[in-house]
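Coordinates in review
Each chain, written out:
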Amino acid sequence: MPAHFRFIMTIVTVFHVRLAKDIKMVGDIVVPTQTRNNRPLSTLKDSGWTFVPNVTELSVREFTATYRDSMRPVLLRGGCSAWTACQLWSPQYFEKVAGSVTVPVKTLSDSEINVSSWKLSEYARFVKESQPCEDGDSTSIPTATPYCHDIPLLGLIESLAEDCQPFPADFLSPSYRRHWWRYSQFFMGPEGAVTPLHFDTLLSHNLFFQIFGAKQFTILPPSQIIHCGRRGWRWFDVDPEQPDYVRFPEYKGTTPAVITVNAGDILYMPPGTLHHVRSLSTSISFAIDFHTKQSVLDALSQSNEGMPDEVIYYNAIAALSAIGGISESITFPLYSPYLSYIS
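Residues numbered from 1 in each chain as written. Predicted model: local features only at pLDDT ≥ 70, side-chain atom pairs only at ≥ 80, totals over all residues. Heavy atoms only, no water.

A count of helical and extended segments in the chain gives 10 helices and 17 strands. Counting all 343 residues of the chain, 55% fall into the buried class. By element, 52% of the accessible surface of the chain is carried by carbon and sulfur atoms, the whole surface being about 14,500 Å². (Helix = DSSP H or I, 4+ residues; strand = E, 2+ residues; numbered from the N terminus. Buried < 20%, exposed > 50% of the residue type's maximum accessible area, 1.4 Å probe, protein only. Areas by Shrake-Rupley, 256 points an atom, 1.4 Å probe, with all protein chains shown as cover.)

It is worth spelling out the environment of Ser-100 at this point. Among the secondary structure elements, Ser-100 is positioned in the loop between α4 (91-97) and β5 (102-108). For Ser-100 and Trp-118, which are 18 residues apart along the polypeptide, the C-alpha to C-alpha distance reads 9.5 Å.

A few words now on the sheet that holds strand β7 (residues 148-151). Sheet architecture is open: seven strands sit in the order β3-β4-β15-β10-β17-β8-β7, paired in mixed fashion. If you trace the sheet from one side to the other, it starts and ends with β3 (54-55) and β7, each paired once. Against the sheet, helix α2 (residues 60-68) engages β3, β4 (74-76), β10 (205-212), β15 (266-269) and β17 (283-290), with an angle of about 40 degrees to β15. Contacting β7 and β8 (184-189), helix α5 (residues 120-129) runs over the sheet at an angle of about 45 degrees to β8. (Pairing = 2+ DSSP bridges. Contact = heavy atoms within 4.5 Å. Axes fitted to C-alpha atoms, helices over the stretch in contact; angles between N-to-C directions.)

Along any regular strand the residues' side chains alternate between the sheet's two faces. The element β5 is largely enclosed, with a buried count of five among its seven residues. Direction of pairing for β5 relative to strand β6 (residues 113-119): antiparallel, over a ladder of seven bridges. By the bridge assignment for β6, Pro-104 is matched with Ser-117.

This next bit is on the packing of aromatic side chains. Per the counting criterion, the structure on display carries 33 aromatic pairs. Judged by centre distance (6.2 Å) and plane angle (70 degrees), the rings of Tyr-176 and Phe-290 are edge-to-face. Taken together, the positions of Tyr-176 in helix α7 (residues 174-177) and Phe-290 in strand β17 put the pair 114 residues apart, joining distant regions of the chain. The same class applies to Tyr-176 and to Phe-290, which are both buried. With a centroid separation of 5.2 Å and 80 degrees between ring planes, the pair formed by Tyr-183 and Phe-332 is classed as edge-to-face. Of the two residues, Tyr-183 is situated in the loop between α7 and β8 and Phe-332 in helix α10 (residues 328-335); the sequence distance between them amounts to 149 residues. Take Tyr-183 and Phe-332: they sit in the same class, and that class is buried. Aromatic rings pair up to connect Trp-83, Trp-89, Tyr-93, Phe-94, Phe-167, Trp-180, Trp-181, Phe-186, Phe-209 and Phe-286 into one cluster. When the ring centre of Phe-332 is taken as reference, the NZ or CZ atom of Arg-182 above it lies at 5.4 Å. (Phe/Tyr/Trp six-rings, centres within 6.5 Å; stacked < 30°, edge-to-face > 60°. Lys NZ or Arg CZ within 6 Å of the ring centre and 35° of its normal.)

With respect to the secondary-structure elements, Arg-230 resides in strand β12 (residues 230-231). There is no salt bridge for the buried Arg-230, and the closest opposite charge comes from Glu-305, which lies 6.1 Å off by N-O distance. In terms of polar contacts, Arg-230 uses its side chain to reach the backbone carbonyl oxygen of Trp-233, at 2.9 Å. (Lys, Arg positive; Asp, Glu negative; His and termini not counted. Salt bridge = Lys/Arg side-chain N within 4 Å of Asp/Glu carboxyl O. Polar contact = N/O pair within 3.5 Å; in protein donor to acceptor, adjacent residues only side chain to side chain.)

This brings us to the pattern of salt bridges. Overall, the coordinates contain nine salt bridges when judged by the stated rule. The partner of Arg-182 in a salt bridge is Glu-328, with the nearest N and O atoms 3.9 Å apart. Here Arg-182 is found in the loop between α7 and β8, whereas its partner Glu-328 is found in helix α10, with 146 residues between them in sequence. Of the residues examined, Arg-182 reaches a relative accessible area of 25% and is grouped as partly exposed. One continuous salt-bridge network, built from bridges that share partners, spans Glu-95, Arg-125 and Lys-128.

An α-helical turn contains 3.6 residues, so any two residues separated by three or four positions project in the same direction. Here α5 has its buried residues at Leu-120, Ser-121, Tyr-123, Ala-124 and Val-127. In a view along the axis of α5, the buried residues occupy a sector of 160 degrees, so they form one face of it. Buried residues belonging to α5 abut α4, β5, β6, β7, α6 (153-156) and β8. (Arc of directions from axis to C-beta.)

Moving on to the packing of helix α9 (residues 309-322) against α10. At their nearest, the axes of α9 and α10 sit 10 Å apart, and the two run at 165 degrees to each other. Classified by the angle between their axes, α9 and α10 sit roughly antiparallel to one another. The interaxial crossing formed by α9 with α10 has left-handed handedness. Each of Tyr-313, Tyr-314, Ile-317, Ala-318, Leu-320 and Ser-321 in α9 lies in contact with α10, whose residues at this interface are Thr-331, Leu-334 and Tyr-335. Residue classes in the contact of α9 with α10 are distributed as seven nonpolar, two polar and no charged. (Parallel < 35°, antiparallel > 145°, perpendicular 65-115°, else oblique. Left-handed = near helix turned anticlockwise from the far one by under 90°. Nonpolar A, V, L, I, M, F, W, Y, C, P; charged D, E, K, R; others polar.)

Geometry only, nothing functional implied.
This is the structure we're talking about:
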């Protein structure tokens, strides 16, 4: 057995036993306890990009070589615009087809994540009834808006995947392709819903699909983490829309890219990319976090940099698939709690 595979199996064994350590309950949702971590993250692979290319065509070969393996973001305009989902999905649609499903709804503030349980029909009605500010300035809408955020809805209602064809499964690593919808995380929210600056917790690749409405992304490469007021494992105190240069003078030296992702667009972000996201209108989207052999090894190399135990565990499970070739029938039941993991 190769040394790296023995190492991964050891991590899985140890952390499967320890996974329940240092977590608390919020309502009926499990939320990991965060510890403060002010250290900079060790340097990840970072191409030093300062902007996001816009393309209208993208082959698998070009995506893999020019963007994914080169750690460069890219926006594929209209990449999923032909999907039935882009014609059908709306708050009214989900009220009808999935209204009885109970989902966790997050309210994200500057320092915490509060979670409550809603029927999806109730949340869809909330979104429909939500209105922007009277002055029309969406940036003045409070961050603390109830947000259906990071929900494995397509895995719960697998028929929704039929609305997302032809799906570019070859953009993903092989172990994610057959049942790609199981790995997706769904978002629905009103205009003004905000996810503060953060990076994806597993340090994985992110393929993001905007289905309804539009979002504004402010993104920075991982090399600029040290300028953004890191809090906990993956959150940052800088507000890129209204940066406080008194608290964070180093932020003046960053080079954020601001892009609008419209319905039908696909956005790719490399591991460790910092991103702040604002819904410019009522919005529906989903994303897939996925690992390659290289990215999961890079992620596990950060295990001593304040990475939570749960994250080490889920990365080790991903490594069993990406590196060890272990069957999805074995790994997915172990990995699936990550899709509801709140960090």
